[in-house]
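# Residue-level structural notes
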Amino acid sequence: MIHALKMMGDYAQEKSNESLLAQLVENPDSNGKYKTVLVILFKEEAGEVVFDEVRVEEFSKQKLDKYAYKKGASRGGDLTPTSRITDLEKTFARIQKPLVKLCKKLKGETETEEVILAINNLFQDEGVNQRIYADLQTIEYDESAVLTIAFRDIENQLKYVGDFEEFTKSLMEKYEKKFYYKSSYLKAEKKSIGKDNICYICSQKAKETYGYVGTFAFYTLDKPGFASGGFNRGDAWKNYPVCSECAKTLDLGKKYLEQNLGARFCGVDYFIVPKTIFAGDGEDREEMFNILEHLESRRKMSLEEDNRNALTHAQKDIFGVMSDFDNYANFNLMFYDNPKGSNVFRILLYIEDVLPSYIKKIFDAKKEVEKGDVFNKLQGKEGVFDLSFKFNLISDFFPAVIKRGNKKYFSKNFFDITNSIFMEQKISYHLLINKFIAHLQEKFRNDESIWYDNLKALMILKFLKQLDLLNGCGEEKIRVSTTKNTYREQIELFLEEHSDILDSNVKRMVFLEGVLAQKLLNIQAKERDGSTPFRARLNGLKLNEKIVKRLYSEIINKLEEYDKNYYKQLEEMIADYILASNFTAISNNELSFYFVTGMNQANNFQFANKKKGDDK
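Residues numbered from 1 in each chain as written. Predicted model: local features only at pLDDT ≥ 70, side-chain atom pairs only at ≥ 80, totals over all residues. Heavy atoms only, no water.

Bringing the overall build of the chain into the picture now. The secondary structure content of the chain amounts to 20 helices and 18 strands. Sequence separation of 24 or more characterises 69% of the internal contacts of the chain that already satisfy a separation of 6 or more. Accessible area for the chain stands at about 30,800 Å²; split by element, carbon and sulfur atoms hold 45% of it. (Helix = DSSP H or I, 4+ residues; strand = E, 2+ residues; numbered from the N terminus. Contact = heavy atoms within 4.5 Å. Areas by Shrake-Rupley, 256 points an atom, 1.4 Å probe, with all protein chains shown as cover.)

Dropping the structure here:
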């Protein structure tokens, strides 16, 4: 992981052909709202530095290194005199803070140092300060703006913050300081710097190596067990010594990873980390660069494609990009939690060595399952649609993130299932069935529609069956009736099309009974102005062998009472399957699930009736 980050940092730097500073500064217009820049312009006049004007210019991405914007602490100000304008008065004071701090170190030994000191003095002059602020207040701009300073020299050349070496040097020093300095530690442990050691990353001897190069907070120095050197955290460099250049490159690699190889997975953040597997000594770098370049080009194309083909609802889903490779590369998947505004970085799941060929297999299973007629041309509130498989279907039953009050928890079951799918490991069939039917039963009790959720559950089972990942579902020899007629052939054809799920006599029996039950409910609703009293006889969809057999006779009796029993062939098939069924081989939850599935597929079976429109 660390060496992969190093190569990503090398790649980012080489590809951009920019200075390290240009890559370290931040884009103040990252959200696209800061299109205006207000420049407090100073100039040289008669050998003195004076305030000139407030200049308004359009934000330019080409000037990022000139603006040299770097966000700092909320109270301490940004790291240079360039800030986003929030409240004008507060921002005006904010840009002066880094100027004051820098001037405490300057002695006026160079011409540029004298200019910076003079600018700071003008800000300290109450009259000039008020004049600058008054000019700022008169300017109108759309949305948001950036505030910065600049200087026009005697040759009429404009120098921005990033053009002053004093500012950039100070910025680099502050940036680099985080690799070796921690203010929260004891005085003796604030700095962790090793002298004349071998860098863990580049294996070269360095004049100084730093001990606080965390990159991602995989380990913490707050616990003694993580630090060597007699529990002295200042000796952290002994655990993980990193030279200055490698520390900066790792940081660039982290930035590249976050911007290019990260996305959301069912509400959880994740990274894909590519690995080379056949490259020899010295070839890793070239192979990794080729992989990263290919990832970038394919990702741009994939973002323009229909999201229906993705494995998640995330706009930046990149699993399709992974499947485009041959097996000369593989990928690690890292699912993590990094709360906004927090230094905590928690790895929730780390999956290693996922081959592109297996990702292709997952996509093939997805496409095959989506071909099923039961998932296509569905009628929803917004019109006709097709159900497509995405991992979000699994999170609908096994939420990845569970919120209780202000606290957030992560589901072990969700990550276990995800890990099993990507590692090609078996998943408990009964774990899924039990969760599915509990979810459907709750909705049934609340008189909510269960049709769509049942379809999702059915699709998940078919997807996992297609990948041969279900464990404990069991199969048996199916008893097929030798009696032939149009209606029975229609039913048998449907059962065979879904034999991956309806793989036993008892499952088929209870499925068909669910169809028959729904037919009765439809007739009852029509006869009784929407009322379906027989629904109460379904025991809240908590079925067992006794209830299933009782329902069979009760449904037939009710149909006879309404004089609308058009389902003799179906009833005969159910009777045949009852005789062939082994109820000891199936759980009550399975009985309930396949009964519900039959109810929700009832419209796929039409039977001859005496009055047109009765059988719906």
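Now that the structure has been shown, the text picks up again.
The description of two aromatic rings rests on the distance between their centres and on the angle between their planes. Under the criterion given, the structure shown has 41 aromatic pairs. The structure contains a cluster of three or more aromatic residues connected by ring pairs, namely Phe-265, Tyr-270, Phe-319, Phe-335, Phe-389, Phe-391, Phe-410, Phe-414, Phe-415, Phe-422 and Phe-463. Sitting over the ring of Tyr-181, Lys-177 keeps its end group 4.4 Å from the ring centre. Directly above the ring of Phe-444 sits Arg-535, whose terminal nitrogen or CZ lies 3.8 Å from the centroid. (Phe/Tyr/Trp six-rings, centres within 6.5 Å; stacked < 30°, edge-to-face > 60°. Lys NZ or Arg CZ within 6 Å of the ring centre and 35° of its normal.)

As summarised here, the arrangement of the four strands in space is β9-β10-β11-β12, forming an open sheet in which the pairing is antiparallel. Looking along the sheet, the strands with just one partner apiece sit at the ends: β9 (262-265) and β12 (346-354). Each strand of the sheet is rotated relative to its neighbour by a mean of 30°, with strand direction disregarded. Both strand β10 (residues 268-276) and strand β11 (residues 329-337) contribute to a ladder of eight bridges, which runs antiparallel. Within β11, the residue paired with Pro-274 across the bridge is Phe-331. (Pairing = 2+ DSSP bridges. Axes fitted to C-alpha atoms, helices over the stretch in contact; angles between N-to-C directions.)

Our next topic: the nonpolar core. Soluble globular proteins tend to bury their nonpolar side chains together. Ranked by size, the top nonpolar core spans 194 residues in total, and within it Ile-40, Phe-42, Phe-123, Ile-421, Phe-422 and Leu-461 carry the most contacts. Looking at this core element by element, the count peaks at eleven residues for helix α17 (residues 505-527). Leaving out residues up to four positions away in the same chain, Leu-461 has contacts with Tyr-429, Leu-432, Ile-433, Phe-436, Leu-470, Ile-501, Phe-593 and Tyr-594. (Core = buried A, V, L, I, M, F, W, Y, C linked by side-chain atoms within 4.5 Å. Buried < 20%, exposed > 50% of the residue type's maximum accessible area, 1.4 Å probe, protein only.)

Residue placement: Glu-258 occurs in helix α8 (residues 244-260). A C-alpha to C-alpha distance of 9.3 Å links Glu-258 and Tyr-270, two positions twelve residues apart in sequence. Glu-258 has contacts with Phe-216 and Phe-271, leaving out every residue within four places of it along the chain.

In spatial order, the strands read β6-β7-β8; together these three strands make up an open sheet with antiparallel pairing. If you trace the sheet from one side to the other, it starts and ends with β6 (193-198) and β8 (242-243), each paired once. Strand direction decides the pairing type here: β6 and strand β7 (residues 205-210), joined by five bridges, are antiparallel. Each bridged residue has a counterpart across the sheet, and for Gly-194 the counterpart in β7 is Thr-209.

Most of the time, phi is negative for any residue but glycine, and the peptide bond is trans. If you check the backbone angles, Asn-156 has positive phi at about 65° while not being a glycine. Here Asn-156 is to be found in the loop between β4 (144-152) and β5 (158-160). Residue Lys-377 is not a glycine yet carries a positive backbone phi of 55°. You can see Lys-377 is positioned in the loop between α11 (356-370) and β13 (378-380). Judged by relative accessible area, which is 72%, Lys-377 ranks as exposed.

The next thing to look at is helix α4 (residues 88-103). Between its first and last C-alpha, α4 extends 23 Å over 16 residues, near the 22 Å set by a 1.5 Å rise per residue. Three or more residues of α4 are buried, namely Leu-88, Thr-91, Phe-92, Arg-94, Ile-95, Gln-96, Pro-98, Leu-99, Leu-102 and Cys-103. (Expected span 1.5 Å × (residues − 1).)

As a further point, take the side chain of Lys-456. For Lys-456, the position within the fold is in helix α15 (residues 451-466). Lys-456 sits in the buried class, given a relative accessible area of 10%. Among all residues touching Lys-456, those that are not within four sequence positions of it are Leu-387, Leu-393, Asp-396 and Phe-397.

Scanning the entire structure with this criterion turns up 38 salt bridges. Between Asp-269 and Arg-264 there is a salt bridge whose closest N-O contact spans 3.2 Å. On the basis of relative accessible area, Asp-269 is assigned to the partly exposed category, the value being 22%. The salt bridge involving Lys-456 is made with Asp-453; its shortest N-O contact spans 4.0 Å. Linking Lys-456 with Asp-453, this pair stays in helix α15, spanning three residues, or about one helical turn. For the pair Lys-456 and Asp-453, a shared accessibility class is recorded, and that class is buried. Overlapping salt bridges, with partners in common, bring together Lys-6, Asp-10, Glu-14 and Arg-285 in one network. (Salt bridge = Lys/Arg side-chain N within 4 Å of Asp/Glu carboxyl O.)

In this section: helix α6 (residues 126-137). Over its twelve residues, α6 extends 16 Å from the first C-alpha to the last, a length consistent with the 16 Å expected when each residue adds 1.5 Å. Taken as a whole, α6 has its buried residues at Val-128, Asn-129, Ile-132, Tyr-133 and Leu-136. Buried residues of α6, seen end-on, are gathered within an arc of 130° and therefore sit on one face of the element. Looking at α6, the residues exposed on the side facing more than 90 degrees away from the buried face are Glu-126 and Gln-137. Structurally, α6 contributes buried residues whose contacts are with β1 (34-45), β2 (48-58), α4, α5 (111-124) and β4. For α6, the N-terminal capping position is held by Asp-125, with its side-chain oxygen 3.0 Å away from the main-chain nitrogen of Gly-127. (Arc of directions from axis to C-beta. Polar contact = N/O pair within 3.5 Å; in protein donor to acceptor, adjacent residues only side chain to side chain.)

Fair warning: the whole summary comes from geometry, so function is off the table for now.
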